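Geometric and topological summary
Chain by chain, the residues run as shown.
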Amino acid sequence: MTRLAPVVAVLALPLIAACVDTKATPDTGAEDYAAYCSACHGATGMGDGEMATELSRKPADLTTLSARNEGAFPTTKVMAQIWGYAGAKGRGVMPDFGPLLQGDMVPYDGGDGIETPTPIRLVQLAEYLKVLQAK
């Protein structure tokens, strides 16, 4: 029986692995962007996603957000737009991301010195959009 123990252990590994949650870390901003934004805004954020031609209004070029805001990334405005607080007129045809952003909250200072509980995935997505800014 002792000879079979290592064989049984090796054969059991795939079964054990199937029971373990391999997604222990939360989604990242890059993952959420790829899953929910890139179809319209494109992989690089330039508004040239595969669905862009199907829309009545061209998606925004997300690589110029800082340039259009005197060099400062407008984090609070971006998060309001994603969340849906920017209003229907400024929102265009963006889907409702509210349900996606439910869950864990983190304290976030939007630049006014006040830390506000904010969905972690919203913060992560905004931080990822900062990376896309044209130099």
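Here's a quick rundown of the structure. Here the structure is a predicted model, which is why all the values come from computation and not from measurement. (Residues numbered from 1 in each chain as written. Predicted model: local features only at pLDDT ≥ 70, side-chain atom pairs only at ≥ 80, totals over all residues. Heavy atoms only, no water.)

1. Re the overall build of the protein chain
Counting secondary structure elements, the protein chain contains six helices and two strands. If you list the helices and strands of the protein chain from N to C, you get α-α-α-α-α-β-β-α. The buried share of the protein chain, taken over its 135 residues, is 29%. If you take every contact in the protein chain between residues at least 6 apart in sequence, the share linking residues at least 24 apart comes to 38%. (Helix = DSSP H or I, 4+ residues; strand = E, 2+ residues; numbered from the N terminus. Buried < 20%, exposed > 50% of the residue type's maximum accessible area, 1.4 Å probe, protein only. Contact = heavy atoms within 4.5 Å.)

2. Remarks on the packing of aromatic side chains
Given two aromatic rings, one states the distance between the centres and the angle between the planes to describe the pair. Summed over the entire model, instances satisfying the criterion amount to two aromatic pairs. Arranged with centres 5.5 Å apart and planes meeting at 45°, the rings of Y33 and Y128 form a pair that is tilted. Of the two residues, Y33 sits in helix α2 (residues 29-36) while Y128 sits in helix α6 (residues 120-131), which places them 95 residues apart along the sequence. Its relative accessible area of 21% is what places Y128 among the partly exposed residues. With centroids separated by 6.4 Å and ring planes inclined at 85°, the aromatic side chains of Y36 and F97 adopt a geometry described as edge-to-face. (Phe/Tyr/Trp six-rings, centres within 6.5 Å; stacked < 30°, edge-to-face > 60°.)

3. Focus: α6
A rise of 1.5 Å per residue sets the reference length of α6, with its 12 residues, at 16 Å; its end C-alpha atoms lie 17 Å apart and thus fit the reference within 8%. Among the residues making up α6, those that are buried are R121, L122, V123, L125, A126 and L129. Structurally, α6 contributes buried residues whose contacts are with α2, α4 (75-83), β1 (105-109) and β2 (115-119). (Expected span 1.5 Å × (residues − 1).)

4. A look at the packing of α4 against α6
Helix packing for two helices is described by the angle between their axes and how far apart those axes are. Between α4 and α6, the shortest axis-to-axis distance is 10 Å and the interhelical angle comes to 125°. Of the possible angle classes, the one that applies to α4 and α6 is oblique. Crossing geometry of α4 relative to α6 is assigned as right-handed. For the pair α4 and α6, the contacting residues are T75, V78, M79, I82 and W83 in the first and L122, V123, L125, A126, L129 and K130 in the second. Here the residues of the contact of α4 with α6 are counted per class, giving nine nonpolar, one polar and one charged. (Axes fitted to C-alpha atoms, helices over the stretch in contact; angles between N-to-C directions. Parallel < 35°, antiparallel > 145°, perpendicular 65-115°, else oblique. Left-handed = near helix turned anticlockwise from the far one by under 90°. Nonpolar A, V, L, I, M, F, W, Y, C, P; charged D, E, K, R; others polar.)

5. Things to note about the pairing of β2
As paired elements, β1 and β2 share five bridges and run antiparallel to each other. Following the sheet pairing, M105 is matched in β2 by P119. Hairpin connection, β1 to β2: the antiparallel pair is bridged by five residues, and G111 has positive phi, about 110°. (Pairing = 2+ DSSP bridges.)

6. Topic: α2
Taken as a whole, α2 has its buried residues at G29, D32 and Y33. All buried residues of α2 project into a common sector of 100° when viewed along the axis, lining one side. (Arc of directions from axis to C-beta.)

7. Describing the nonpolar core
If you look at the biggest cluster of nonpolar residues, it comprises 18 residues, and the most contacted ones within it are Y33, V78, M79, I82, L101 and L129. Those elements giving two or more residues to this core turn out to be α4 and α6. It is α6 that contributes the most residues to this core, five residues altogether. (Core = buried A, V, L, I, M, F, W, Y, C linked by side-chain atoms within 4.5 Å.)

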